[in-house]
Amino acid sequence: MTDKPRIVSSSHLVSERAAELSELEFALILSGNAFDRWMVRCMRAAGMPDLSVLDILVLHNVNSREREKSLSEVCFVLNVEDSHLVNYALKKLRKLGLVEGNKRGKEVHYGTTPDGRAMCEKYREVREACLVETFQRLGVNSQEVGDVAKTLRAISGVYDQASRAASAM
């Protein structure tokens with residue numbers, strides 16, 4: 001291991017073979033918590049104060065591309081294994097009048113209601129004003145942001161594979 005100090009959350013996990021991985025994991029922890037906090041506060045500013053992070057993600061996913069989605073499709077896109085958590089979010093969103101379900105065969109397909117679409121649009125307006133504006137003022141390079149997103153998607157696949165391997169131990 002190098003003498004360079006590492007910015008990590010758990011020094012006992014730093015590996016001599018991949019110290020940078022511990023730095024990445026700490027950055028993911030910080031970013032994940034900040035992003036979760038951002039989503040909840042953005043939705044609160046848009047007028048819906050009682051939604052959880054998963055509720056917000058499910059609402060936006062169901063609204064995306066103006067196409068109804070099944071529970072399994074939502075779980076797949078959001079990479080959520082515990083479908084009962086997404087199902088609970090969908091029930092909550094239905095109760096709030098933001099999502100509606102239509103039964104097709106054995107499956108229910110979900111779409112946003114006019115109120116759900118309006119809430120997503122309000123969220124978008126707050127996001128534009130608070131987040132996009134800030135990124136532009138700071139001169140953040142959009143190409144670099146895209147590259148980071150691509151890398152993070154690849155890394156999520158590595159963690160998924162490692163979690164499957166750990167489950168088999």
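Residues numbered from 1 in each chain as written. Predicted model: local features only at pLDDT ≥ 70, side-chain atom pairs only at ≥ 80, totals over all residues. Heavy atoms only, no water.

The name an unreviewed UniProt entry gives the protein chain is Transcriptional regulator, with Thalassospira lohafexi as the organism.

### Points about a nonpolar patch on the surface
Judged by side-chain polarity, L21, L28, V148, L152 and Y159 come together as a nonpolar surface patch covering roughly 390 Å² of accessible area. Secondary structure elements with two or more residues in the nonpolar patch: α1 (19-46) and α6 (142-167). A total of three residues in the nonpolar patch trace back to one element, the largest contributor, which is α6. Among the secondary structure elements, L152 is positioned in helix α6. Judged by relative accessible area, which is 39%, L152 ranks as partly exposed. (Patch = residues over 30% accessible without salt bridge, like charges linked within 9 Å, V, L, I, M, F, W, Y side chains within 5 Å. Areas by Shrake-Rupley, 256 points an atom, 1.4 Å probe, with all protein chains shown as cover. Salt bridge = Lys/Arg side-chain N within 4 Å of Asp/Glu carboxyl O. Helix = DSSP H or I, 4+ residues; strand = E, 2+ residues; numbered from the N terminus. Buried < 20%, exposed > 50% of the residue type's maximum accessible area, 1.4 Å probe, protein only.)

### Focus on the pairing of strand β2 (residues 99-104)
Regular strands place side chains that alternate from one sheet face to the opposite one. Examined bridge by bridge, β2 and strand β3 (residues 107-112) share six bridges and lie antiparallel to one another. From the neighbouring strand, V99 faces β3, where its bridge partner is T112. The hairpin turn running from β2 into β3, its antiparallel successor, is two residues long, and G105 in that turn takes a positive phi close to 65°. (Pairing = 2+ DSSP bridges.)

### Digging into the nonpolar core
In terms of nonpolar packing, the biggest core is built from 25 residues, with M43, V58, L59 and Y123 touching the most fellow members. Where this core is concerned, the elements lending two or more residues are α1, α2 (53-63), α3 (71-78), α4 (83-95) and α5 (114-138). At six residues, α1 tops the list of elements feeding residues into this core. (Core = buried A, V, L, I, M, F, W, Y, C linked by side-chain atoms within 4.5 Å.)

### Quick look at the layout of surface pockets
Here the largest pocket defines a volume of roughly 2,300 Å³. Along its surface, the largest pocket is lined by 45 residues, and F35, M39, L57, R127 and L152 are the ones closest to its centre. The set of elements that each furnish at least two residues to the lining of the largest pocket consists of α1, α2, α3, α5 and α6. Here the element with the most residues in the lining of the largest pocket is α1; it accounts for 10 residues. (1 Å grid on protein atoms, 1.4 Å probe; cavity = no way out; pocket = protein on both sides within 12 Å on 5 of 7 lines; lining within 4 Å. Points joined across faces, edges and corners; volume = space filled by probe spheres on them.)

### Focus: α1
Between its first and last C-alpha atoms α1 spans 41 Å; for 28 residues at 1.5 Å apiece the expected length is 40 Å, and the two agree. Those residues of α1 not exposed but buried are A19, S22, E23, W38, M39, V40, C42, M43 and A46. At its buried positions, α1 is contacted by α2 and α5. Directly after α1, the chain includes G47, whose backbone phi takes a positive value near 115°. (Expected span 1.5 Å × (residues − 1). Contact = heavy atoms within 4.5 Å.)

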